[in-house]
Amino acid sequence: MGLFDDDFYSTKVSRRRERKVSKQRSVPRGWSARSRRLRLSTLQISALCSLFSAVVAVLLFSLVTGQLSHQQGAQPAFIQNVTPSSGDPYDRIIKAAAAVRPAVVSIINHKEESAKNTLDESALGSGVIYKKNDDKAFIITNNHVISGASKLEIVTVDGETRKAELVGADKVSDLAVLSIDAAGINTIAKLGDSSKLQLGETVIAIGNPLGLGDTLTSGIVSYTNRTIPVSLNQDGVYDWEQEVIQTDAAINEGNSGGALVDLNGRVIGINTMKISDTGVEGLGFAIPANHVIKIAEELVLKGKIARSYLGVYSMDLNNPYVPLAEDQRKALKLPSSVKEGVVVLDVVGPAKEAGLKLNDVITKFNGQTIDSTLSLRKYLYNETRVGDPLAITFYRGGVEKEVTITLEEKPGE
């Protein structure tokens, strides 16, 4: 039987046809002749069935699609309920870029004062206008963008060049703040909450890559709080760790200091670096906005970041890359239980005044284990303030000792 109980599609003779044949044999010839005249041909039956099937199919289709449409109208599509940032990503990228672009500037670092000074002899970078008062506008950028400058200029998105003044810079965080005349500056970038970033969130990078100026790239947040080692004095020895946002948005030379922006048009990071190596692609980093704003505000207020200073030049007792020779370790006369610490190489300032000497091995600050120069610096910068007392546990000639010193402010570099 077919879907519509139509025997036409059966290859067998139907029971109804058999009943008709048996009845025809029992009636008079006249009736039989009239029946043959009223009987429809096979072609006519086929046409009627086809028409009937089409009508029923249309009615069923209308009924089904009408119900689906009603259900879709009653319940929104799933994607609309995923996050507050749902919507056409391309349209949102356009709107976010339009909101932030006028606040992103190119920075020209003139290394040497010369009448022949050209862009080829200058360093290029990017910056973000984040604050404005009556007569000045303030720009966040990277410290390495403005390092060694004899003169600084910025170029706005509409091509206007202005003289910039250095307000303050910090080598450790790689951040700096510049100021320019506020006249004609109408767009200020809004800083977002970088702690709310999510893996896979779409972001855009705006800056001045390779001197091209006013360039936009897009990508995603590859990691929200990546920790990477940094050599502050570029000697190849990692002496600091920077917490950064990792993104695959294209970041090239000149992007440093530019904006990493979310789809709400908020600056959630300041682009700072890219790993460039054979076989490496899509690894860019930005300093989180929440960290940036704290440093920037202190730079505007004081012109520098006040950090605690001990005055110790040191090396790690247990450095896998530059291990101590056996005779050097024996000269320290350390107990076998002491495996990690910081060996003092030279002392100045507070450490010298406290009596620390060459080959003293520092193991604790205020009772907390210090196992490397990195952990020593992180404790001083993150856990103490200028003027705080600091209890230092150390070994000298195999004997454990302790001394308390008063921390001073780290002198300018």
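Being a predicted model, the structure only gives us computed values, none of them experimental.

Check the secondary structure of the chain and you find nine helices and 20 strands. Among the 413 residues that make up the chain, the fraction classed as buried is 38%. Partitioning the intrachain contacts of the chain with sequence separation of at least 6 by distance along the chain shows that 61% fall at a separation of at least 24. In the structure as shown, the chain presents an accessible area of about 24,700 Å², 52% of it carried by carbon and sulfur atoms.

Counted according to the given criterion, the structure contains ten salt bridges. Between glutamate 241 and lysine 378 there is a salt bridge whose closest N-O contact spans 2.9 Å. Of the two residues, glutamate 241 is situated in strand E9 (residues 240-247) and lysine 378 in helix H9 (residues 373-383); the sequence distance between them amounts to 137 residues. Taking relative accessible area as the criterion, lysine 378 reaches 29% and is therefore assigned partly exposed. A salt bridge links aspartate 360 to arginine 396; the nearest nitrogen and oxygen atoms lie 2.8 Å apart. With aspartate 360 in the loop between helix H8 (349-353) and strand E16 (361-365) and arginine 396 in strand E18 (residues 389-396), the pair connects residues that are 36 residues apart, well separated along the chain.

Let's shift gears to unusual backbone geometry. In this model, aspartate 174 sits at a positive phi of 60°, which is unusual for a non-glycine residue. Given a relative accessible area of 12%, aspartate 174 falls into the buried group. If you check the backbone angles, asparagine 366 has positive phi at about 50° while not being a glycine.

Turning to the nonpolar core, a few remarks are in order. What tends to happen in soluble globular proteins is that the nonpolar side chains get buried as a cluster. In terms of nonpolar packing, the biggest core is built from 41 residues, with Ile107, Val261 and Val267 touching the most fellow members. Counting residues domain by domain, this core receives three or more from each of domain 1 (101-112 + 121-181) and domain 2 (201-302). Leaving out residues up to four positions away in the same chain, valine 267 has contacts with Val100, Val128, Ala189, Lys190, Leu191, Gly192, Ala259, Leu260, Val261 and Ala289. Within the second largest apolar cluster, 25 residues are counted, among which are Val230, Leu310, Val344 and Phe394.

Further remarks concern the environment of leucine 199. Tracing the backbone through its elements, the reader meets leucine 199 in the loop between strand E6 (175-181) and strand E7 (202-207). Between the C-alpha atom of leucine 199 and that of threonine 224, which follows or precedes it by 25 residues, the distance is 6.5 Å. Among all residues touching leucine 199, those that are not within four sequence positions of it are Val221, Ser222, Tyr223 and Thr224.

Within the secondary structure, serine 106 sits in strand E1 (residues 104-110). Engagement of the side chain of serine 106 in a polar contact is seen with the side chain of asparagine 208, the distance being 3.5 Å. When near neighbours in sequence (up to four residues on either side) are disregarded, serine 106 contacts Gly125, Ser126, Glu153, Ile154, Val155, Asn208 and Gly213.

This part is about the environment of lysine 410. Relative to the assigned elements, lysine 410 resides in the segment after strand E20 (408-409). On a C-alpha basis, the gap between lysine 410 and arginine 307 in space is 5.5 Å, while along the polypeptide they are 103 residues apart. In contact with lysine 410, not counting residues within four places along its chain, are Arg307, Ser308, Tyr309 and Tyr381.

Quick look at the packing of aromatic side chains now. Enumeration over the complete set of coordinates arrives at two aromatic pairs. Between the NZ or CZ atom of lysine 131 and the centre of the ring of phenylalanine 138, over which it lies, the distance is 5.7 Å. A cation over an aromatic ring shows up here: arginine 307 above the ring of tyrosine 381, its NZ or CZ 5.3 Å from the ring centre.

Where nonpolar side chains cluster on the molecular surface, the patch consists of Tyr313, Leu345 and Leu358 and spans about 320 Å² of accessible area. Residue classification places tyrosine 313 among the partly exposed positions, given a relative accessible area of 48%.

Reading the values: rules and limits
Residues numbered from 1 in each chain as written. Predicted model: local features only at pLDDT ≥ 70, side-chain atom pairs only at ≥ 80, totals over all residues. Heavy atoms only, no water. Helix = DSSP H or I, 4+ residues; strand = E, 2+ residues; numbered from the N terminus. Buried < 20%, exposed > 50% of the residue type's maximum accessible area, 1.4 Å probe, protein only. Contact = heavy atoms within 4.5 Å. Areas by Shrake-Rupley, 256 points an atom, 1.4 Å probe, with all protein chains shown as cover. Salt bridge = Lys/Arg side-chain N within 4 Å of Asp/Glu carboxyl O. Core = buried A, V, L, I, M, F, W, Y, C linked by side-chain atoms within 4.5 Å. Domains from an automatic or database assignment. Polar contact = N/O pair within 3.5 Å; in protein donor to acceptor, adjacent residues only side chain to side chain. Phe/Tyr/Trp six-rings, centres within 6.5 Å; stacked < 30°, edge-to-face > 60°. Lys NZ or Arg CZ within 6 Å of the ring centre and 35° of its normal. Patch = residues over 30% accessible without salt bridge, like charges linked within 9 Å, V, L, I, M, F, W, Y side chains within 5 Å.

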